[in-house]
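Architecture at a glance
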Amino acid sequence: MRNFLNKKVQAIEPSGIRRFFSMASEMKDVISLGVGEPDFDTPWHVRDEAIYTIQKGRTFYTANAGLLELRQAIAENIMRLQGVAYDPAKEVLVTIGGSEAIDLVFRAVIEPEDEVIYTQPSYVSYLPCVQLAGGVPVAIDLKEENNFRLTREELEAAITDKTKVLVLSFPNNPTGAVMTKADLEAIVDLIIEKDLLVVSDEIYDRLTYNDDEEHVSIISFPGMRERTIYINGFSKAYAMTGWRLGYCAGPAQIIEQMTKIHQFTIMAAPTMSQYAGLEALKSGEQDVEEMRESYNQRRRFLLSELERLGIPCFEPLGAFYIFPNISQFGMTSEEFATRLIMEKRVAVVPGTAFGKSGEGFVRISYAYSINELKAAIERIEQFIEELKQEK
Amino acid sequence: MDIREKILKLIEHDSRLTHKEIATLLGLEEALISQTIKELEEEKIICGYHTLVNWDKTDDNMVSAIIELRVNPQRGQGFDRIAEKIYHFPEVKSMYLTSGGFDFLIELHKAPIREIADFVSSRLSIIEEVQSTTTHVILKKYKEYDTLFIKKENNRRMVVTP
């Protein structure tokens, strides 16, 4: 028999998280700090709206780009948060999670050998999606001393004649880093000068903890709206991961091509999820605020506990992750995380699952209750004491 | 939200948090937390620290009841005076003056059904201003103080996700 498989697909590395997942899910008594989704239930009024949608028999396809009402609500939300206007009819597309939008935009814009710059450590999808679209991924290794923010110098050094796209993903998974207005300001003119398209994944935009500044999107800078695909979704802000509902907004000519691919592959996002999303946007603001406050308390708790344990960690100001530096223990991230789960039954994700520049770090999620975090910290403390005695 | 409100919201659901822990969670100084809590206690904004017990899970034959009371307030004797005649009974767990079809709503502590009947007939009904009582025996408690008393499905999140 022939080898039926596509070589490009075969060459793609499976997610580094998968190995950990198999290890952790076979064990009992594991306290997991490894999850990339909220621990809150979807707010009840949102769930109730979806149930009502089903009862009313609204179970048909929606328009390919999504319910117009939902696209209008999305455009209003972007206007409210970032002061940038999008035409709901032509410039907004509702997708199956933010992750579909990531795939669509690369497929819509990449020609063979186009280079796509993205920052590492990063969410696991950018690299394989660029590869599948036939592009060349170019990673910039972000540095702890810069609080894992992208600097102008780093960006400048990575740009070549072939660079077409820059992926920005802030607030960031796995580091929790944010790019402030000033940080973005420093790179905007370079992006325009080099005529790049920005793919800005802002799925964690509502979860920031910077007292001085709310999340600022790159689309709010002059000249950026027309060269940015803004990606967002409902999963993180409204605790709606399983609903698989995201969206993107951008210039009409790009959204039109993305919608074409979406139409032939997906048809439309699930109707019940779309109605639920509409309800979330209409009356979910207080839910967002309460969850954000709760994450912030956990963030402060973990930071103070890590400090107490003598594990250095830059202060993350977004998402729900902490990315402590564990290099003092003389182990790779993988070894550290493996021993922690084998010996103490605490699951964290090695930084290298998010790219090689994650070496020396582990990702700790705080999408857990304070009591769960307390129990996990107790075990981590024991683990570290034992490590110190080994020395 | 001001500091007082933030502290109250936290300890309303977990009164066992230490001042140090509250300080960490809110990003404030421990001394400020202690001082604020002291003030809140003195002002009787914090009225007590109790434990939420699901008595239905203990093995007893007692029931709790909610009673709607209609009363005739007398000249010179507002609702507060009548309420006083009622809330001092140790049987009364909580008491409210309400708008609507009746005046007072009271919840009794759990007791054998006989004792509840006695309390209503020989303590409440005989009060001069009490016009009528409607007693509801509580069959099942689903939720109290933001806490579900029925078993919630286990969290089905996977252990590790990107």
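It should be emphasised that the depicted structure is a prediction, and the values quoted were computed from it without experimental measurement.

Notes on the pairing of strand β12 (residues 362-365) of chain A
Residue and element names in this part refer to chain A.
- Side chains of β12 alternate between two faces, with Val-362 and Ile-364 and Arg-363 and Ser-365 buried alike.
- Where strand β9 (residues 321-322) lies against β12, 2 bridges are found, and the strand directions are antiparallel. From the neighbouring strand, Tyr-321 faces β12, where its bridge partner is Ser-365.
- As paired strands, strand β11 (residues 349-350) and β12 are joined by 2 bridges and run antiparallel to one another. Counterpart to Pro-350 in the pairing with β12 is Val-362.

Structural notes on helix α3 (residues 30-42) of chain B
All names here are of chain B.
- For α3, spanning 13 residues, the distance from its first C-alpha to its last is 18 Å, which sits close to the expected 18 Å at 1.5 Å a residue.
- Those residues of α3 not exposed but buried are Ile-33, Thr-36, Ile-37 and Leu-40. In a view along the axis of α3, the buried residues occupy a sector of 100°, so they form one face of it. Along α3, the residues that are exposed and aim more than 90 degrees away from the buried face are Ala-31 and Glu-42.
- Looking at the buried side of α3, the elements it contacts are α1 (3-13) and α2 (19-26).
- Directly after α3, the chain includes Lys-44, whose backbone phi takes a positive value near 60°.

Here's the deal with the interface of chain B and chain A
- Tallying the contact residues gives 16 residues for chain B and 33 residues for chain A.
- Between chain B and chain A the total buried area reaches about 1,800 Å² when both faces are included, carbon and sulfur atoms providing 58% of it.
- Counting the surface chain B buries against chain A, the share from its top three residues, Arg-157, Val-160 and Pro-162 of chain B, is 38%.
- Counting the contacts that link chain B with chain A gives 2 salt bridges.
- Summed over the shared surface of chain B and chain A, the number is 12 residue pairs in polar contact (both at pLDDT 80 or more).
- Looking at the side of chain B that touches chain A, the elements with two or more residues in it are α1 and α2 of chain B.
- The residue inventory of the side of chain B that touches chain A, partitioned by class, reads 8 nonpolar, 3 polar and 5 charged.

Definitions and cut-offs
- Residues numbered from 1 in each chain as written.
- Chains lettered and ligands numbered in written order.
- Predicted model: local features only at pLDDT ≥ 70, side-chain atom pairs only at ≥ 80, totals over all residues.
- Heavy atoms only, no water.
- Buried < 20%, exposed > 50% of the residue type's maximum accessible area, 1.4 Å probe, protein only.
- Helix = DSSP H or I, 4+ residues; strand = E, 2+ residues; numbered from the N terminus.
- Pairing = 2+ DSSP bridges.
- Expected span 1.5 Å × (residues − 1).
- Arc of directions from axis to C-beta.
- Contact = heavy atoms within 4.5 Å.
- Buried area = accessible area lost by both parts, 1.4 Å probe.
- Salt bridge = Lys/Arg side-chain N within 4 Å of Asp/Glu carboxyl O.
- Polar contact = N/O pair within 3.5 Å; in protein donor to acceptor, adjacent residues only side chain to side chain.
- Nonpolar A, V, L, I, M, F, W, Y, C, P; charged D, E, K, R; others polar.

All quantities given are derived from atomic positions and should not be read as evidence of function.
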